[in-house]
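Overview (structure and organization)
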Amino acid sequence: MLFVSCSFLLLLLVVVVMPHFSLSLSHTHTQHFFNPPTHSQLVLTTHKTSDFGQSVLISACHSEDGDPELVEYLLTNPAIQQMINYQIRGGTIRWRIIFRLMRFLYRNKIKTSKLVFAMANTSGSTALQVAVRKGNTDVVNVLLQHGADPSLKNDLGLQPIDFCEAFPELRGALKRVMHLKKGSQNANLHRRNSTASN
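Just so we're clear, the structure is a prediction, and the values are computed from it rather than from any experiment. (Residues numbered from 1 in each chain as written. Predicted model: local features only at pLDDT ≥ 70, side-chain atom pairs only at ≥ 80, totals over all residues. Heavy atoms only, no water.)

Another aspect to go through is the overall build of the protein. The secondary structure content of the protein amounts to 10 helices and zero strands. Helices and strands in the protein line up, N terminus first, as α-α-α-α-α-α-α-α-α-α. Evaluated residue by residue, the protein yields a buried proportion of 31% over its 198 residues. Considering only contacts in the protein between residues 6 or more positions apart, those separated by 24 or more positions represent 65%. In the form shown here, the protein has an accessible surface area of approximately 13,200 Å², with 61% of it arising from carbon and sulfur atoms. (Helix = DSSP H or I, 4+ residues; strand = E, 2+ residues; numbered from the N terminus. Buried < 20%, exposed > 50% of the residue type's maximum accessible area, 1.4 Å probe, protein only. Contact = heavy atoms within 4.5 Å. Areas by Shrake-Rupley, 256 points an atom, 1.4 Å probe, with all protein chains shown as cover.)

Going through the model one piece at a time under the given rule, you end up with four aromatic pairs. Three or more aromatic residues joined by ring pairs make a cluster, and in this case those are F52, W95 and F99. A cation over a ring is seen here: R133 above F163, with NZ or CZ 4.7 Å from the ring centre. (Phe/Tyr/Trp six-rings, centres within 6.5 Å; stacked < 30°, edge-to-face > 60°. Lys NZ or Arg CZ within 6 Å of the ring centre and 35° of its normal.)

Moving on, we get to the nonpolar core. Core analysis: the biggest nonpolar cluster contains 35 residues, and L57, C61, V71, L75, L128, V132 and L143 have the highest contact counts within it. Only α3 (56–61), α4 (68–74), α6 (93–107), α7 (114–122), α8 (127–134), α9 (137–145) and α10 (168–182) provide two or more residues apiece to this core. Look past the residues within four positions of V71 in its chain and what remains in contact with it is L57, A60, C61, V139, V142 and L143. (Core = buried A, V, L, I, M, F, W, Y, C linked by side-chain atoms within 4.5 Å.)

Let us now look at the side chain of Q54. Tracing the sequence through the fold places Q54 in the loop between α2 (39–46) and α3. Within the structure, the side chain of Q54 is placed 3.4 Å from the side chain of S59, a separation counted as a polar contact. Each residue touching Q54, except ones within four places of it in the same chain, is listed here: T49, S59 and H62. (Polar contact = N/O pair within 3.5 Å; in protein donor to acceptor, adjacent residues only side chain to side chain.)

Attention now moves to α9. By the burial criterion, the buried members of α9 are V139, V140, N141, V142, L143 and L144. Each element contacted by the buried residues of α9 is listed here: α3, α4, α8 and α10.

To continue, consider the confidence of the model for the protein. Per-residue pLDDT for the protein averages 75, and the proportion of residues at 70 or more is 68%. Ignoring residues within four places in sequence, the model shows residues 1–34, a span with pLDDT below 50, making three contacts including any to other chains. Note on residues 192–198: pLDDT is under 50 here. Beyond four places in sequence and across chains, it has one contact. (pLDDT = per-residue confidence, 0-100.)

We now examine the environment of L158. Among the secondary structure elements, L158 is positioned in the loop between α9 and α10. Placed 33 residues apart in sequence, L158 and S125 show a C-alpha to C-alpha distance of 8.8 Å. In contact with L158, other than residues within four places in its own chain, are N121, Q129, L152, K153 and F163.

Where α6 meets α7, the axes come as close as 8 Å, and the angle between the chain directions of the two elements is 120 degrees. Put simply, α6 runs oblique to α7. Two packed elements cross with a definite hand, and for α6 against α7 that hand is left-handed. From α6, W95, I98, F99, M102, R103, L105 and Y106 reach across to α7, where they touch V116, F117, M119, A120 and T122. Class assignment of the residues belonging to the contact of α6 with α7 gives a composition of 10 nonpolar, one polar and one charged. (Axes fitted to C-alpha atoms, helices over the stretch in contact; angles between N-to-C directions. Parallel < 35°, antiparallel > 145°, perpendicular 65-115°, else oblique. Left-handed = near helix turned anticlockwise from the far one by under 90°. Nonpolar A, V, L, I, M, F, W, Y, C, P; charged D, E, K, R; others polar.)

Moving on: the pattern of salt bridges. Tallied over the entire structure, the rule returns two salt bridges. Here D155 and R103 are joined by a salt bridge, their closest N and O atoms 3.1 Å apart. One end of the pair, D155, is in the loop between α9 and α10; the other, R103, is in helix α6, and 52 residues separate them in sequence. The pair formed by D155 and R103 is uniform in burial state, with each residue classed as buried. Here the salt bridges share partners, and the residues they tie into one network are R89, R103 and D155. (Salt bridge = Lys/Arg side-chain N within 4 Å of Asp/Glu carboxyl O.)

This part covers the packing of α8 against α9. Running from amino to carboxyl end, α8 crosses α9 at an angle of 160 degrees, the nearest separation of the two axes being 8 Å. With respect to their mutual orientation, α8 and α9 come out roughly antiparallel. Two packed elements cross with a definite hand, and for α8 against α9 that hand is left-handed. Contacts between α8 and α9 involve A127, L128, A131 and V132 on the former and, on the latter, V139, V140, L143 and L144. Partitioning the contact of α8 with α9 into residue classes produces eight nonpolar, no polar and no charged.

Below is the structure:
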């Protein structure tokens, strides 16, 4: 009896629901194929954020193998350039509540697991903080050249320099950059040449 009812529900799903889903899916793909988005529509969508609150620029900086050329290309867009110091904020009420809850749990030492810390630490982070966390010096350089602020703090009160435990050279370079920026001079990180021999 249970097998018959499960079979009937599966048949109902295949016959009734799936044709509507595939029809709407194929219609959407056909619509974009015959009417591709215009340049102005693409420019308008590049400065949007996800439900999580992450911008396109932060997504590009998030990988350990982040491509500095991609970040440089994204920053040629004026809308993204204006968001260089954008801080991750929940894009929906659900994510705002999750971020607040994680900050509360971590700050009050109710929960200090890695997941709770990661979520609390993500809230308020900038592209520069994300790139520093990943240790990607090239992407950090590109962001600094385009005006990323190394003194901004995330919602836990941490600056990019606080994420450099695993990257001591990056820590020293960021300190130097912050000191130079106080004197309103342009500053870049310098990559150390390898001392390894063949």
